[in-house]
Amino acid sequence: VHSRIHSPALADKLMTAEEAAELIPSGATIGMSGFTGAGYPKAVPQALAKRIEAEHARGRPFKVSVWTGASTAPELDGALAKADGIEMRLPYQSDPTCRERINAGQMEYIDIHLSHVAQHVWFGFLGKLDVAVVEVVGIHADGSLIPSTSIGNNKTWLDQADKIIIEVNTRQDARLAGMHDVYYGTQIPPHRKPIPILSAGDRIGEASLRCDPSKVIAVVETDAPDRNSAFAAPDATSEAIAGHIIDFLGHEVKKGRLPASLLPLQSGVGNVANAVMAGLQTSPFEEMTAYTEVLQDGMLNLLRSGKLAFASATALSLSPAGNEAFERDLSFYRDRIVLRPQEISNHPEVIRRLGVIAMNGLIEADIYGNVNSTHIGGTRIMNGIGGSGDFARNAYLSFFMTPSTAKHGTISAIVPMVTHVDHTEHDVQVIVTEQGLADLRGLSPKKRAGQIIANCAHPSFRPALSAYYDAAMHRSPGLHTPHLMSEAFDWIPNWKAAQG
Ligand code: 0RQ
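On a predicted model such as this, the values are computed, not experimentally measured, just so you know. (Residues numbered from 1 in each chain as written. Predicted model: local features only at pLDDT ≥ 70, side-chain atom pairs only at ≥ 80, totals over all residues.)

Details of helix 4 (residues 74-82)
Within helix 4, burial applies to Glu 75, Leu 76, Asp 77, Ala 79, Leu 80 and Ala 81. Downstream of helix 4 by one or two residues, Asp 84 has phi in the positive range, about 55°. (Buried ≥ 20, exposed ≤ 12 C-beta atoms within 10 Å, placed from the backbone. Helix = DSSP H or I, 4+ residues; strand = E, 2+ residues; numbered from the N terminus.)

If you want it as structure tokens, here you go:
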């Protein structure tokens, strides 16, 4: 009956999600599985949200802190946020209810680099982890766990938590077993050793997650699919962005600065990133590889067509159609995809060694190349920095891409000074919009401003940006990074539009 649970000791711990949720006390810090809508627990968080609502109805306070890999889904972040059950949340999230509560000051949120999360827990920086709630696709006879469609921070949660709740999801394909590579060689300083990944496909660890059975307090069976959000078909804007990036990569190959098969690709979340991958389908590059954190439909199609030889990630993030295609040809993809813990998929050492080509989205960039990926109007969080900082700083080449305007052309993505900085001018090499591409390598701040305004800003905002820059050249006290501090933020209609 319990065909996925081969450990009798753990089969004995089977119970309902409601019974498992009863074992989580108010005030607990919970490490949940889940990364960009893949491999998150489907039942226990919802049962916990119901319990929290019931406690609140009785006038009793009940909140938990939630750590994850990255964003999850309405069944986890959404349900717990709606129940007003989250005291503190980290790291990346993209749930509308969470966002609303964080921005209303009702929920604490800590936005940290995805590669930092596990090590900060190991260092003791974040305090104690009480419970791990982790989705798996099966349990081996020895109690080790077959990971699901993401690994994220699961290794750390299982090792560090006092207690463990396992969700065995029978809807996830059992053939995922063997696709994972869980590295147990990470130490904390001063005992660290090099991480022996020399190419994107190297396997350095174990196929399953170790789990101390004596810590397991509940096993719950589930049968629900991942969130699997659909992607928008590439539109003219994202196709133009993809076109500029592909032309630029071709140029770099011609100049001898990139090999013909490029270097391992990293691609961020969202429609634009997906469209760039779709654009690579008709590019001249062959035998490409990917060393990334999320693997979206675009990359899956590149694997299928043979353009991409191999992809390393920590999570799948597929549309329903993408997931169907994945499961249909799982034996094909198994040989071409490896899923790793996010501390490895996003590890600065490996990203720097492999020479990753990073491509991430932005909310606004300023004329000197500082990038804001997370805040609207300087005060309201959108999602979080995710892995973009891990990749941008350590990449061989770091692209940031965006439509040149937001909100139907009323807001310029290019501004005099970003209202929040996630990626400093030192970590941003190429900015791309549908208007064009600014190659900032080797340019001083003033030269960068010229490129960004001329190539990336929308024509309707270019005159105002140039006027700001010219005024700053006349009146700025310093002329290394010319600015008018009292005017930098009241320059365009951005402010008013962003308050809406
Ligand atoms: O909101 O849909 O309500 O209009 O922001 O913007 O243009 O749809 O772009 O989905 O690629 O997201 C930076 C948020 C871009 C994303 C960000 C509004 C805009 C829209 C989304 P609406 P788009 P995308 C790997 C890497 C950080 C993490 C990261 C992100 C919404 O890429 O979260 O890179 N990145 N991780 O209208 C007001 C502006 C705006 C604006 C955009 N200037 N002012 N609103 N918007 N610009 C993955 C992980 O780490 C897990």
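Some points on the packing of helix 9 (residues 271-280) against helix 10 (residues 297-305)
Contact geometry for helix 9 and helix 10: axes closest at 7 Å, N-to-C directions at 15°. Between helix 9 and helix 10, the interaxial angle falls into the category roughly parallel. In this structure, the crossing between helix 9 and helix 10 has a hand that is left-handed. Contacts between helix 9 and helix 10 involve Asn 274, Met 277, Ala 278 and Leu 280 from the first element and Asp 297, Gly 298, Met 299 and Leu 302 from the second. Classifying every residue of the contact of helix 9 with helix 10 gives five nonpolar, two polar and one charged. (Axes fitted to C-alpha atoms, helices over the stretch in contact; angles between N-to-C directions. Parallel < 35°, antiparallel > 145°, perpendicular 65-115°, else oblique. Left-handed = near helix turned anticlockwise from the far one by under 90°. Contact = placed C-beta atoms within 7 Å. Nonpolar A, V, L, I, M, F, W, Y, C, P; charged D, E, K, R; others polar.)

Observations regarding the site of the ligand
Around the ligand sit 30 residues in total, of which Gly 270, Gly 361, Gly 386, Ser 388 and Ala 406 are the nearest. Among the elements of the structure, helix 9 and strand 15 (357-361) are those that each provide at least two residues to the shell around the ligand. Of the residues that constitute the shell around the ligand, the class distribution is 16 nonpolar, eleven polar and three charged. (Near = placed C-beta within 6 Å.)

Some points on the pairing of strand 12 (residues 308-313)
Taken together, the four bridges between strand 10 (residues 288-291) and strand 12 define a ladder with parallel strand orientation. Looking at the pairing, Tyr 291 lines up with Ser 312 of strand 12. Strand direction decides the pairing type here: strand 12 and strand 14 (residues 337-339), joined by three bridges, are parallel. Pairing of Ala 313 across the sheet is with Leu 339, part of strand 14. (Pairing = 2+ DSSP bridges.)

Overview of the sheet that holds strand 17 (residues 371-372)
Spatial strand order, 17-16-23: three strands in an open sheet with mixed pairing. Of all the strands in the sheet, just strand 17 and strand 23 (414-415) have a single pairing partner and so form its edges. Across two bridges, the pairing between strand 16 (residues 364-366) and strand 23 is parallel. Counted as the bridge partner of Asp 366 is Val 415 from strand 23.

Some details on the pairing of strand 20 (residues 397-401)
Buried residues dominate strand 20, accounting for five of its five residues. The two faces of strand 20 match: Leu 397, Phe 399 and Met 401 on one face and Ser 398 and Phe 400 on the other face are all buried. In this sheet, strand 20 lies alongside strand 15 in parallel orientation, the contact comprising five bridges. Paired with Ala 358 across the strands is Ser 398, a residue of strand 20. Where strand 20 lies against strand 24 (residues 430-433), three bridges are found, and the strand directions are parallel. Its bridge partner lying in strand 24, Phe 399 is registered against Val 430.

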